[in-house]
Amino acid sequence: MNITFEELRKIKHSLPHGSMHRIASELKKDEQSVRNFFGANLLNGLPPDWHFEPGPEGGVVNIRDVSILEMAKKILRETTV
């Protein structure tokens, strides 16, 4: 799946407090890995599920494993109902 880096960060910043912990818990992943998925650790390298192509809007991110992104979108749907 392709998404702009700017869109990915917008999703992250729209999540309610505690979402990183919830995503990590439900997907049985390390909480720091979830943060890194949203670009928190770009200075030290890309998350392993990403391929990044520089460009407008922060560039395009190709995400191989979309489970974290899908969980984040689910949480956003729950909070906007």
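For the structure itself, look to the data block above.
Residues numbered from 1 in each chain as written. Predicted model: local features only at pLDDT ≥ 70, side-chain atom pairs only at ≥ 80, totals over all residues. Heavy atoms only, no water.

A.B. asks: Honestly, helix α4 (residues 67-79) in this entry has me stumped. Any pointers?
C.D. replies: The periodicity of an α-helix, 3.6 residues per turn, causes residues three or four positions apart to be oriented the same way. The terminal C-alpha atoms of α4, which comprises 13 residues, lie 19 Å apart, in line with the 18 Å expected from a rise of 1.5 Å per residue. By the burial criterion, the buried members of α4 are Ile68, Leu69, Met71, Ala72, Ile75 and Leu76. Buried residues along α4 cover an arc of 165° about the axis, so they all sit on one side. Looking at the buried side of α4, the elements it contacts are β1 (2-4), α1 (5-14), α2 (19-27), α3 (31-37) and β3 (60-63). (Helix = DSSP H or I, 4+ residues; strand = E, 2+ residues; numbered from the N terminus. Expected span 1.5 Å × (residues − 1). Buried < 20%, exposed > 50% of the residue type's maximum accessible area, 1.4 Å probe, protein only. Arc of directions from axis to C-beta. Contact = heavy atoms within 4.5 Å.)

A.B. asks: Sorry, what's going on with the packing of α2 against α4 here?
C.D. replies: At a minimum axis distance of 10 Å, the contact between α2 and α4 shows a crossing angle of 125°. As summarised for this structure, α2 and α4 are arranged oblique, according to the angle between their axes. Pair α2 / α4 crosses with right-handed handedness. Contacts between α2 and α4 involve Ser19, Arg22, Ile23, Glu26 and Leu27 from the first element and Ser67, Ile68, Met71, Ala72, Lys74, Ile75 and Glu78 from the second. (Axes fitted to C-alpha atoms, helices over the stretch in contact; angles between N-to-C directions. Parallel < 35°, antiparallel > 145°, perpendicular 65-115°, else oblique. Left-handed = near helix turned anticlockwise from the far one by under 90°.)

A.B. asks: What is the right way to read the pattern of salt bridges from this model?
C.D. replies: Pairs can form between side chains of opposite charge whenever their charged atoms are close. Under the defined criterion, the tally for this structure stands at four salt bridges. When the shortest N-O distance is used, the salt bridge between Asp65 and Lys29 registers 3.7 Å. Of this pair, Asp65 sits in the loop between β3 and α4 while Lys29 sits in the loop between α2 and α3; the two residues are 36 residues apart in sequence, bridging distant segments of the chain. With a relative accessible area of 29%, Asp65 lands in the partly exposed category. With relative accessibility at 30%, the residue Lys29 sits in the partly exposed group. The structure contains a network of salt bridges with shared partners spanning Arg22, Glu26 and Glu78. (Salt bridge = Lys/Arg side-chain N within 4 Å of Asp/Glu carboxyl O.)

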